[in-house]
Amino acid sequence: MSKKIIALILIISTAIFGALYMYRNIFSFKDDNNIVALTKGKLISDVYTDKARYYPSDKVTVKIELNNELQEDFRGTIYIFYKHLESIVGKAKIQVNIKSGQKKQLNIFWEAPKDDFKGYLVEVYAVKGNKAIDNKNTAVDVSSDWSKFPRYGYIANFPEQSKEKSALIIEDLNRYHLNGLQFYDWQYKHNKPLAGTVENPDLKWKDIANRDIYGQTVKDYIELAHSKNMMAANYNLMYGGYFDYVKDGAKPEWGLYKDPNHEEQDNHPLPHTWATDRLYLFNPANKDWQNYIFNAEKDAFGVYNFDVWHVDTLGPRGTVYDYKGNPVELSMTYADFLNNAKKALGKRIVCNTVNEYGLINVASGADVDFLYAEIWPPGRAHYNFLKQTVDNGYNYSDGKKATVVAAYMNYGIANRSGEFNEHSVRLTDAAIFAAGGDHIELGDTGMLSKEYFPSANLKMSESLVKAMRNYYDFLTAYENLLRDGLKESDNKIEIPGIEISNNGSARTVWTYAKQKDGYDVIHMINLLGIEVSNWRDDLGNYSAPPIIKDFKVKYYLENDNIKNVYLASPDINDGKVMKLQFKKKEDSKGKYLEISVPELQYWDMIFIKK
């Protein structure tokens, strides 16, 4: 072999070795399960994405806000890890120099994977030497359609305001990854939602509560929502009309009546200071009413670029009749109305089935994007009803539809100024999210406490805002373990020395398991500090549940061919996955895994990789 060839081989070998060495050292900082940042929020003040939802292969922009409160200059590296469940699917890093007291924003670009309907956790670390100085996380939802994993919020106020102010509100909601917004009471009249005409729409009008609504603000919010890949939903009642509906072209012959002789039209009373003192109700099965309200909605959609008609209902109305005296089974009219609305309007449809009234009819027969149920105590006060509502939606739709739950927190104190109770809010979200549902609660007013969305007496504390960011990051990042084809498991769960229940009973840890291909999932919701199993916490006085540390979970299963066991919680390390120690054991009840769990605050999710 000639000296030139030997020299060339040495050069190539050196280059390859050098490249491998450099590659190893690019990520000399490893995302280990046990990493705990030395400080929290002293350098990384926020991490979020530019959109609420992404299409496969989209460009994702991760925005990292730095604010150096370390009392010294920082010269180090920002590491970014993109994770799907327990696996790292992407990495990035950037060198950063930032003086003490200085602020800086970094934009990191990531090409979303090609796989559709997947959630990802984004972990961001500030590292100096080989030590994590600070850490903060966010999440990414890669889904070509919002309906599989809805995260529904709302807009309730439409005053005269600049587009810049509207943009700030939408940007705030985007940080919770809300991928759809219900535009509540934006319309003019329920039976005539568009003020003015399609050719000459009014610039301003009064809503049902005599609030000023500005058309340009509505348009701005829709445009801004679309810029974040959020769907914009036009809210209106399925079957309501003002006192003067005849003047607007509707007819009493289309109405719902409390008697067979059409002497008293069914109605929903309202405050006397509002634009109408009641809403008169119409028969959803009446084709003339359908044509009338569909045309009215078509006019509204013609001016305002909504994507969805959010159809509201009022729940059971007792015995009601059509104009000719025939009894009307109201819940059985929904699917036909909704399907005809979709055909007439060419828009997406969502329908509120109050206390599940009409849910079977809608879930099994209506072409809706997802199911939506507003639930009310006392009949549905127990925590278990939150899970039951989600389970019913899944079962009635043969596993095809997600469910959004409207459940208004701290309702008993909602008429006076104050703050939401963080503990009961977190437990209610845990109950809904663990079941595989979504909770409509966040919007331009902050958080919902009443069915009238503009009501805003109760405020979110700074601590609750932070908790909700973590919970919605968690809902997004782990959507594939929370609500992606999971089925209930009857595998037995025990926590030695701790009272448990499988139905959300007070003074227990609520435990149950679910399964899907490749995974078993165990949920543990800490209700030990709750004296009454009532999710709403009317008086807003729930205490934090006692934190449980270093305990064992026994999970019985026939097939113990297990690869690894992990834990993730919105309450711990911003939702980061932790690898757990486990042992395979057997007793008189059968084979089980003894899993060592470090901590339970409000809600832990253990997932077992098979």
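Conventions adopted
- Residues numbered from 1 in each chain as written.
- Predicted model: local features only at pLDDT ≥ 70, side-chain atom pairs only at ≥ 80, totals over all residues.
- Heavy atoms only, no water.
- UniProt positions renumbered as here; feature names shortened; annotations may be inferred.
- Helix = DSSP H or I, 4+ residues; strand = E, 2+ residues; numbered from the N terminus.
- Rg over C-alpha atoms; globule rule 2.2 N^0.38 Å.
- Buried < 20%, exposed > 50% of the residue type's maximum accessible area, 1.4 Å probe, protein only.
- Areas by Shrake-Rupley, 256 points an atom, 1.4 Å probe, with all protein chains shown as cover.
- Lys, Arg positive; Asp, Glu negative; His and termini not counted.
- Charge placed at Lys NZ, Arg CZ, Asp CG, Glu CD.
- Axes fitted to C-alpha atoms, helices over the stretch in contact; angles between N-to-C directions.
- Parallel < 35°, antiparallel > 145°, perpendicular 65-115°, else oblique.
- Left-handed = near helix turned anticlockwise from the far one by under 90°.
- Contact = heavy atoms within 4.5 Å.
- Nonpolar A, V, L, I, M, F, W, Y, C, P; charged D, E, K, R; others polar.
- Domains from an automatic or database assignment.
- Buried area = accessible area lost by both parts, 1.4 Å probe.
- Salt bridge = Lys/Arg side-chain N within 4 Å of Asp/Glu carboxyl O.
- Polar contact = N/O pair within 3.5 Å; in protein donor to acceptor, adjacent residues only side chain to side chain.
- Expected span 1.5 Å × (residues − 1).
- Core = buried A, V, L, I, M, F, W, Y, C linked by side-chain atoms within 4.5 Å.
- Pairing = 2+ DSSP bridges.
- Right-handed = clockwise from strand over helix to strand, strands pointing away.
- Phe/Tyr/Trp six-rings, centres within 6.5 Å; stacked < 30°, edge-to-face > 60°.
- Lys NZ or Arg CZ within 6 Å of the ring centre and 35° of its normal.

Per an unreviewed UniProt entry, the protein goes by Dextranase and derives from Caldanaerobacter subterraneus. In UniProt, the protein has this text filed under Sequence similarities (unreviewed entry): "Belongs to the glycosyl hydrolase 66 family."

Some points on the overall build of the protein
The helix and strand inventory of the protein stands at 10 helices and 37 strands. What you see for the protein is a C-alpha radius of gyration of 27 Å, in line with the 25 Å of a compact globule of 610 residues. With the principal axes as the frame, the protein shows a C-alpha extent of 105 × 65 × 55 Å. Per-residue burial over the protein gives 59% buried out of 610 residues. Element-wise, carbon and sulfur atoms account for 49% of the exposed surface of the protein, whose accessible area totals about 25,200 Å². Distance from the positive charge centre (76 side chains) to the negative charge centre (80 side chains) of the protein: 8 Å.

Some details on the packing of helix α2 (residues 163-174) against helix α3 (residues 215-227)
For the pair α2 and α3, interaxial distance at closest approach is 9 Å and the crossing angle is 45°. Judged on the interaxial angle alone, α3 and α2 are oblique. Between α2 and α3 the crossing geometry is right-handed. Contacts between α2 and α3 pair K163, S166, A167, I169 and I170 from the former with T217, D220, Y221, E223, L224 and A225 from the latter. In terms of residue class, the contact of α2 with α3 is built from six nonpolar, two polar and three charged.

Quick notes on the domain arrangement of the protein
The domain architecture assigned to the protein consists of domain 1 (36-142), domain 2 (154-357) and domain 3 (487-609). Taken over C-alpha atoms, the centre of domain 1 sits 41 Å from the centre of domain 2. Residue-level contacts link 14 residues of domain 1 with 10 residues of domain 2. With both sides pooled, the region where domain 1 packs onto domain 2 buries about 930 Å², and carbon together with sulfur makes up 41% of that total. A per-residue breakdown of the area domain 1 buries against domain 2 is headed by Y48, A52 and R53, which together make up 52% of the total. At the junction of domain 1 and domain 2, the tally comes to two salt bridges.

Looking at the environment of W535
You can see W535 is positioned in the loop between β31 (519-526) and β32 (548-556). Spatially, the C-alpha atom of W535 lies 30 Å from that of N267, the residues being 268 residues apart in sequence. In this structure W535 touches I375, P377, R380, A381, H382, Y383, L386, A407, Y408, M409, S424 and T428, once residues within four positions along its chain are discounted. Among the polar contacts listed, one links the side chain of W535 to the backbone oxygen of R380, at a separation of 2.7 Å.

A few points about unusual backbone geometry
Between P377 and P378 the backbone carries a cis peptide bond, its omega angle lying at 5°. Structurally, P378 can be placed in the loop between β20 (371-374) and α7 (383-396). In this model, L85 sits at a positive phi of 55°, which is unusual for a non-glycine residue. Phi is positive for D185, close to 50°, though the residue is something other than glycine. Position of D185 among the secondary structure elements: in the loop between β9 (180-183) and β10 (204-206).

Structural notes on helix α4 (residues 287-303)
Since there are 3.6 residues in each turn of an α-helix, residues three or four apart along the chain are aligned in direction. Taking 1.5 Å of rise per residue, the 17 residues of α4 would be expected to cover 24 Å, and the 25 Å separating its terminal C-alpha atoms lies within 8% of that figure. All of the buried residues along α4 are W289, Q290, Y292, I293, F294, A296, E297, A300, F301 and V303. On the buried face of α4, the contacting elements are α3, β12 (231-237), β13 (240-241), β16 (308-312) and α5 (334-345).

Remarks on the nonpolar core
By size, the foremost hydrophobic cluster in this structure holds 117 residues, and its most contacted members are F183, W309, L338, Y383, Y478, W603 and M605. Non-local contacts of Y383, meaning those with residues more than four positions away in its chain, are made with L427, T428, A431, G504, W510, L527, I530, S533, N534, W535 and Y542. Counting 26 residues, the second-largest nonpolar core is a separate cluster that includes L43, L66, W110 and I133.

Quick look at the pairing of β9
Taken residue by residue, a regular strand's side chains alternate between the two faces of the sheet. What you see with β9 is no split at all: G180 and Q182 on one side and L181 and F183 on the other are buried throughout. Sheet analysis places strand β8 (residues 152-155) next to β9, joined by four bridges and oriented parallel. Directly across from Y152, in β9, lies its bridge partner G180. Of the crossover connections in this fold, the one passing from β8 over α2 to the parallel β9 is right-handed. Of the pairings in the sheet, the one linking β9 to β12 comprises four bridges and is parallel in character. Bridge pairing in β12 places F183 opposite N234.

Some details on the packing of aromatic side chains
Summed over the entire model, instances satisfying the criterion amount to 44 aromatic pairs. Seen from their ring centres, Y471 and W603 are 6.1 Å apart, and the 50° between their planes marks the pair as tilted. Of this pair, Y471 sits in helix α9 (residues 462-477) while W603 sits in strand β37 (residues 603-609), and the two are 132 residues apart along the sequence. In terms of burial, Y471 and W603 fall into one category: buried. The structure contains a cluster of three or more aromatic residues connected by ring pairs, namely Y154, Y184, Y235, W274, W376, Y408, Y411, Y452 and F453. In this structure, R53 is placed above the aromatic ring of Y55, and the distance from its NZ or CZ to the ring centre is 5.0 Å. When the ring centre of Y512 is taken as reference, the NZ or CZ atom of K387 above it lies at 4.6 Å.

Some words on the sheet that holds strand β3 (residues 74-84)
Each strand in a sheet pairs with its neighbour through backbone hydrogen bonds, running either in the same direction (parallel) or in the opposite one (antiparallel). If you walk across this open sheet you meet the four strands as β4-β3-β6-β7, and the pairing is antiparallel. Lying at the two open borders of the sheet, with one neighbouring strand each, are β4 (87-98) and β7 (131-142). Each adjacent strand pair in this sheet contributes to an overall mean axis angle of 20°, direction not counted. For strand β6 (residues 118-128) and β7, the ladder comprises 11 bridges, and the chain directions are antiparallel. Paired with V127 across the two strands is A132, which belongs to β7. Along the sheet, α9 makes contact with β6 and β7, crossing β7 at roughly 55°.

Quick notes on the pairing of strand β21 (residues 403-406)
Alternating residues of β21 divide into T403 and V405 and V404 and A406, and every residue in both groups is buried. Sheet topology note: the β20/β21 ladder contains four bridges and is parallel. Counted as the bridge partner of Y372 is V404 from β21. The β-α-β motif built from β20, the intervening α7 and the parallel element β21 has right-handed crossover chirality. Sheet topology places β21 next to strand β23 (residues 438-439); two bridges connect them, and they run parallel. By the bridge assignment, V405 is partnered in β23 with H439.

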